[in-house]
Amino acid sequence: MDLARLKSFIGIRNVCATVFVVLVLLTTKGEAQIAINSAQTATALAQKLVGTGVQISNTTLTCPSNANGIFTVTPPSAFGLDSGIILTTGQANTVGATIGANTAYTLFATTDNLAAGDAQLTAIANQVTNDACVLEFDFIPAGDTIKFDYVFASEEYNGPHGNFNCSINDVFAFFISGPGITGSPNIALVPGTTVPVGVSTVNDAVGASPGNPCYTNTQGNGPYTQYYNSNAGSTTLTYTGFTDVFTATHQVIPCNTYHLKLAIADASDWVFDSGVFLKAGSLTSNAISVTPIGGGGLSTPLPYCVRGCLPGQFVFNRPIAYGTPLTIHYLIQGSAINGTDYSFIADSVVIPANQNQATRSIAGLPANPATGPKTVKLMVLSPYSCGAGAPLIIDSAEITIYDSLQVSILTADTAVCKYESVHIMTTGDSLLTFAWSPASAIDSVSGRNPTVMPLQTTMYTLTATLPGSGCPASHDNITVTIREAPQVDAGPDTTTCLGQSIPFDLNVTPTTQTYTYTWSPATDLSATNISNPVSTPTADVTYYIQVDPGAAGCLGYDTVSIHVLPNDITLFNKDTSICKGASVYIAADGDPAFNYRWRPDIWVSDSTLINPTITPDTSQLYTLTASFPGCPDIVKSLFIDVQPNPIVSLPENVDKCQWDTIRFEPTVGPASYPFYTYSWTPSNGIDSPASKDILFYGQADVLPLTLTVTTPAGCTGIDTIDVIVHQGNFARVAPADTGICPRDTVRLMASGALSYQWSPDHYLSAADSAITISYPVTNMTYTMIASDEYGCTDTLTSNIDVHPAGLFDLGETVTLYPGESVQLHAAGNALYFHWFPPLGLSDTTIADPIAQPPVNTRYFVTGITEYGCVAYDSVDVLVDPETLLDLPNAFSPTYQVNTEIKIIKRGIATLKYFRIFNRWGQKVFETTDIDEGWNGRLKGNLQPMGVYVYMIEAVTSTGRVFNKQGNITLIR
């Protein structure tokens, strides 16, 4: 696959699914639609293709199921085929985002089916082929020629995805084989050539140049552009271009069996699909055809002849002018009687040798009276029966016999408005000569479709003749009726009450014409097709009146509007309350045709307006009346409650201590109004902020404290007072909390007040002084009451904790031997330690350091508790320079304790030997490892209980030789 095609394939494949739905929705409404039913069987495809004169058998299909189908084009289009079968190199039918042959030209139908190619197609394309789709079957022709129609289409053609006209030769072929045929020739050929139809042979020549496949594959002729059609802009066929409708033909021997292989494949790679469409029923073997010709060439509406005039003809053809004559038999059918309605004819005709055509004439015989049209139909029988029994009908044709020349005026009798023209349409054979009368007000007296514009009602007559035929003339006529546009007056617009009726009486001129009437809408009308209906409207309505004199473009119009007064008005204001001196702006809606009046009119800005301003001094019920002559009055009412503006009075500003309370009892007027609401702000420190009288216990200044008094209408009175609160937390004491060790003292100090009093007075130097000394022997809490210059008091406390004294014990004197150390333990309640001297200590700041002094040493330790209380102690560590060795006199290896007999060592020594003998002098154990012991076994066997003799020799760290021997007892 070349890089350009790969990039094109990847890019377009990624956008196909995205744009597919949009482009399908943009399909032109008038464009033909292609429906494809894919995944067909070989038999279904072959039977769809087969027409008359052919019998099929042994059908096979080598094709991915998605790559074939049966198609229908609705309605038939310039594509050239209405239905048939499709074979593709990819996807036949579009399903969701998988693009097939039947969607927009801008989409991309490339589908890799991973199918193999075809060897015969590879030879034609001169390129490797892939994704082959092959339909094969046997057939028996009833004639001497086989043919069928097809269209080839491809995305390899020049289009939105690239141009591969002359580089990628997607190819198809129709291979035929059988009696009289050498090999398997391809009959899908460019007309008049031996060039196979393909991408490189039929295209738009873009990219073609001498030496490339567009010239090589056409024997140097270049591509056949005359047979190519661009598909640009299509929304129903995906391929970028397609060929004309071609016909594949080949001569055969009637009644013999032949094989047909229809194949298509991708060339070079698997992308950019192609498809071949084969017309339904076009695979035929009709060697003989018949064509009708009208008398003198008459062919409109169908080939026909006229009784007593020039005869019609049936022309019989065979494809090739063979050297022998051919007798063609036919069945004579139709409504005409042979020898009665036309001169008698035989049931056969002979095409002479070396000719390919014969003629049978049909001469219509005069009839009196006229009989109307009669038909002569010849059903051509195949000259080859192929042993099928009854003769096979392979073609047919029909001629109609008329009593006269066929001509008629298509335009019906017409009425038009004066000065309007009428274009008269006719039908009749182009061989006929036309003449119109009268010649006035017509643009052409010999035209087939003249235009007339008479000023009065006129009947025009058409006379048609066939020059030189001797046929009598035929006639038809049309009447053009002239009308004048009417003037219409429906009367003036009017206003009425709901339920009243309005009669109409149209005045229409001129009065000499007959009219039809149309009123719209029909709402509330007694009739819509008379000149004087009665309307009983229920809402505003405008009637449109159309008066028609019976001629196109000659209508008269008028309108009349009826305004129906509503039976109500809307007063948007509800009963309301206002403060004295305020105004109420009336919001009301009503028809302007009403007259309005407010009662009483006192304090009303304008009592005749629907939306006045009312400024009442006292509470009052107001009514609004809407009236119109002949209609009942409409009355609405509104009650306005006028509320006072409160007057509020509070006492002078006040002072208080933080912990005291004050009661406020303000005055509010006028006192007679019972619906005041109260709001104290801020509300903190008030027992009932929504009450008139309150108890204030706030502990901070309020500057100011505000009382707001409100009526239900929002009428408001306000007064304020400043409340100064002297803080109760003015004194200080130090320390507030402290701890001491036994026998210590604390200095207590108070400040911020004028006088002080301490209690209890135990262990204090003074009970009424700001500064006093405490020497407690147990935990104490002192309360201090302080007084300031406003007489306010403050109470504080001081807590003194007497902590436990420091205590610990280092234990007894310790003796060490060479190489030994000891871990000292300061047991007690201290947390922090200091050891002295540091000689031989691992750490001097922890409770349990490891000691290994070189000489006898007394260690002193100072301990401090978590509260800072101090304790002292000391311990002696003695150092013995000589190592001590010893051995137990018994052991029991069967118990967990003392399971081995080992040398007990205090200090450092080197073992020369440790030997153990049983009572017979046999050595049961020996070692030079001073730390190794005997487990009571010899060579893994348990030794008996009893007394054993041991011998030890060792050297201490000072060089002293240690010798010892004795007895040990093994116990089990």
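Residue indices follow the written sequence of each chain, beginning from 1 at its first position. With pLDDT at 70 or above as the cut-off, local features in this predicted model cover only qualifying residues; side-chain atom pairs require 80 or more to be listed or tallied, and sums for whole chains, interfaces and linings still use all residues. Excluding hydrogens and water, the side-chain values take into account all heavy atoms of the structure.

Details of the overall build of the protein
Put simply, DSSP H or I for four residues or longer makes a helix, DSSP E for two residues or longer makes a strand, and each gets a number counted from the N terminus. Looking only at helices and strands, the protein features four helices and 76 strands. The atom set for the radius of gyration is the C-alpha atoms, and the globule formula is 2.2 Å times the number of residues raised to the power 0.38. Scaling as 2.2 N^0.38, a compact globule of 972 residues should have a C-alpha radius of gyration of about 30 Å, whereas the protein reaches 64 Å, well beyond that. Taken along the three principal axes of its C-alpha coordinates, the protein extends 165 × 130 × 55 Å. Three labels apply to residues, based on accessible area from a 1.4 Å probe with only protein chains included: buried if under 20% of the type maximum, exposed if over 50%, partly exposed otherwise in between. Counting all 972 residues of the protein, 42% fall into the buried class. By definition in these notes, contact holds between two residues if any of their heavy atoms fall within 4.5 Å. Sequence separation of 24 or more characterises 62% of the internal contacts of the protein that already satisfy a separation of 6 or more. Between the centroid of the 40 positive side chains of the protein and the centroid of its 79 negative side chains there is a distance of 15 Å. Note on charges: Lys and Arg go in the positive column, Asp and Glu in the negative column, and His and the chain ends are not counted at all. Each charge is placed at NZ for Lys, CZ for Arg, CG for Asp and CD for Glu.

Topic: helix α2 (residues 42-49)
For the α-helix, the turn length of 3.6 residues means that residues three or four positions removed from each other point alike. Where α2 is concerned, the buried positions are Ala42, Leu45, Ala46 and Leu49. Taken end-on, α2 shows its buried residues confined to a sector of 95°, consistent with a single buried face. Contacts made by the buried residues of α2 are with β2 (54-62), β3 (68-74), β4 (83-88), β5 (129-141), β11 (258-267) and β12 (274-279). This arc is built from the directions going out from the helix axis to the C-beta atoms.

Re the environment of Ser177
Structurally, Ser177 is set in strand β7 (residues 171-177). Separated by 41 residues in sequence, Ser177 and Thr218 have C-alpha atoms that sit 24 Å apart. Each residue touching Ser177, except ones within four places of it in the same chain, is listed here: Gly183, Ser184, Tyr258 and His259.

Things to note about the sheet that holds strand β36 (residues 556-565)
Two strands qualify as a pair provided that DSSP identifies no fewer than 2 bridges between them. If you trace the four strands from one edge of the open sheet to the other, you get β30-β36-β35-β33, paired in mixed fashion. Strands at the two margins of the open sheet, each flanked by one partner only, are β30 (494-497) and β33 (516-520). Going across the sheet, the axis of each strand differs from the next one's by a mean of 25°, ignoring polarity. Pairing of β33 with strand β35 (residues 541-548) involves five bridges; the strand directions are antiparallel. Looking at β35, one finds that Thr516 is bridged to Asp548. A fitted line through C-alpha atoms represents every axis, and for helices the fit uses only the stretch in contact; the resulting angles, taken between N-to-C directions, go from 0 to 180 degrees.

Side note on unusual backbone geometry
With omega at 10°, the peptide bond leading from Thr300 into Pro301 counts as cis. The topology assignment puts Pro301 in the loop between β13 (289-293) and β14 (304-306). With an omega of 0°, the peptide bond between Leu703 and Pro704 qualifies as cis. Note that Pro704 resides in strand β51 (residues 702-710). Not every positive phi belongs to a glycine, and Ser268 is a case in point at roughly 75°. Here Ser268 is to be found in the loop between β11 and β12.

As for a nonpolar patch on the surface
Nonpolar side chains (Val, Leu, Ile, Met, Phe, Trp, Tyr) within 5 Å and like charges within 9 Å form the patches, drawn only from residues with over 30% relative accessible area and no salt bridge. All accessible areas in this document rest on Shrake-Rupley with a 1.4 Å probe, and a residue is counted as covered only by the protein chains that are shown. We define a salt bridge as a contact between a side-chain nitrogen of Lys or Arg and a carboxyl oxygen of Asp or Glu at a distance within 4 Å. A surface patch of nonpolar side chains, amounting to about 530 Å² of accessible area, comprises Leu831, Tyr832, Ile864, Val870 and Tyr872. Residue position: Ile864 is located in strand β66 (residues 857-864).

Some thoughts on the nonpolar core
In plain words, nonpolar cores are sets of buried Ala, Val, Leu, Ile, Met, Phe, Trp, Tyr and Cys residues tied together by side-chain atoms within 4.5 Å. Judged by nonpolar contacts, the single largest core of 44 residues is most densely connected at Phe148, Tyr150, Phe174 and Leu262. In terms of nonpolar packing, the next biggest core, distinct from the first, is built from 24 residues, Leu298, Val306, Ile478 and Val480 among them.

Some words on the state of the cysteines
We call a pair of cysteine sulfur atoms a disulfide whenever their separation is within 2.5 Å. Tallied over the entire structure, the rule returns eight disulfides. Disulfide pairing is shown between Cys657 and Cys792; the S-S distance is 1.8 Å. An S-S torsion of about -80° defines the bridge between Cys657 and Cys792 as left-handed. A residue pair is termed long-range when its members are at least 10 positions apart, and Cys657 in strand β46 (residues 654-657) and Cys792 in the loop between β58 (780-787) and β59 (793-802) qualify at 135 residues. Judged by relative accessible area, which is 15%, Cys657 ranks as buried. Cys305 takes part in no disulfide bond, and the closest cysteine sulfur, belonging to Cys309, lies 8.9 Å away. Take Cys305: its relative accessible area is 0%, and that puts it in the buried class.

Notes on the environment of Ala552
Turning to its location among the elements, Ala552 is positioned in the loop between β35 and β36. Taking the C-alpha atoms as reference points, Ala552 and Val416, 136 residues apart in sequence, are found 5.0 Å from one another. In this structure, Ala552 is in contact with Ala415, Val416 and Cys417, ignoring residues within four places of it in sequence.

Some thoughts on the side chain of Thr426
For Thr426, the position within the fold is in strand β24 (residues 426-428). Owing to a relative accessible area of 13%, Thr426 belongs among the buried residues under this scheme. N or O atoms closer than or at 3.5 Å make up a polar contact, with two conditions inside protein: a donor-capable atom paired with an acceptor-capable one, and, for residues adjacent in sequence, both atoms drawn from side chains. Of note is the side chain of Thr426, whose polar atom sits 2.6 Å from the backbone oxygen of Arg448. Look past the residues within four positions of Thr426 in its chain and what remains in contact with it is Ser408, Ile409, Leu410, Phe434, Trp436, Arg448, Asn449 and Leu462.

Some details on the side chain of Thr865
Positionally, Thr865 belongs in the loop between β66 and β67 (870-879). Beyond its immediate chain neighbours, meaning those up to four positions away, Thr865 contacts Gly806, Asn829, Ala830, Leu831 and Tyr832.

A look at the confidence of the model for the protein
Low-pLDDT portions of the prediction should not be read for the details of their coordinates. With 95% of its residues at a pLDDT of 70 or more, the protein has an overall mean of 89. How sure the predictor is of each residue is captured by pLDDT, a score from 0 to 100. Per-residue pLDDT stays below 50 along residues 1-30; that stretch engages in 40 contacts with residues further than four places along the chain or on separate chains.

Points about the packing of aromatic side chains
Here the distance between the centres and the angle between the planes together describe a pair of aromatic rings. Pairing of aromatic side chains here covers Phe, Tyr and the six-membered ring of Trp, requires ring centres within 6.5 Å, and sorts the geometry by plane angle: under 30 degrees stacked, over 60 edge-to-face, intermediate tilted. In the structure shown here, the tally under the stated rule is 28 aromatic pairs. Taking 5.8 Å as the distance between ring centres and 25° as the angle between the ring planes, the aromatic pair formed by Phe139 and Tyr258 counts as stacked. In this pair, Phe139 sits in strand β5 while Tyr258 sits in strand β11, placing the two residues 119 residues apart along the sequence. A centroid spacing of 6.4 Å and a plane angle of 65° characterise the contact between Phe808 and Phe833, whose relative ring orientation is edge-to-face. On the criterion of sequence distance, the pair formed by Phe808 in strand β60 (residues 808-809) and Phe833 in strand β64 (residues 832-836) is long-range, its members being 25 residues apart. The buried category is assigned to Phe808, whose relative accessible area is 13%. A relative accessible area of 12% means that Phe833 is categorised as buried. One aromatic cluster in this structure is built from Phe148, Tyr150, Phe152, Tyr157, Phe172, Phe174, Tyr227, Tyr228 and Phe246. One Lys or Arg, Arg448, reaches over the ring of Phe434 and ends 4.4 Å from the middle of that ring. Remark: a charge is flagged as sitting over a ring if the NZ atom of Lys or the CZ atom of Arg is within 6 Å of the ring centre and within 35 degrees of the ring normal.

Examining a negative patch on the surface
A cluster of acidic side chains, namely Glu900, Asp929, Asp931 and Glu932, defines a negative patch on the protein surface. Here Glu932 is to be found in the loop between β72 (923-927) and β73 (937-938). By relative accessible area, which is 35% here, Glu932 ends up partly exposed.

Digging into the sheet that holds β64
The strand order across the open sheet built from four strands is β61-β67-β66-β64, with neighbouring strands paired in mixed fashion. A single partner strand is all that each edge strand has here, and the edge strands are β61 (814-816) and β64. The sheet shows a mean angle of 25° between the axes of neighbouring strands, direction not considered. Direction of pairing for β66 relative to β67: antiparallel, over a ladder of eight bridges. Among the inter-strand pairings, Thr857 is bridged to a residue of β67, identified as Val877.

Observations regarding the pattern of salt bridges
Enumeration according to the criterion identifies 14 salt bridges in this entry. Note that Lys261 is salt-bridged to Asp118, the shortest N-O span being 2.9 Å. Here Lys261 is found in strand β11, whereas its partner Asp118 is found in the loop between β4 and α3 (119-125), with 143 residues between them in sequence. Look at Lys261 and you get buried, because its relative accessible area is 9%. Ionic contacts of the salt-bridge type, sharing partners, join the residues Arg307, Asp341, Lys374 and Asp403 into one network.

Things to note about the environment of Arg663
Of note, Arg663 is situated in strand β47 (residues 662-664). Sequence separation of Arg663 and Asp687 is 24 residues, and the distance between their C-alpha atoms is 10.0 Å. When neighbours within four sequence positions are excluded, Arg663 is seen to be in contact with Asp693, Ile694 and Leu695. Separated by 3.4 Å, the side chains of Arg663 and Glu665 make a polar contact.

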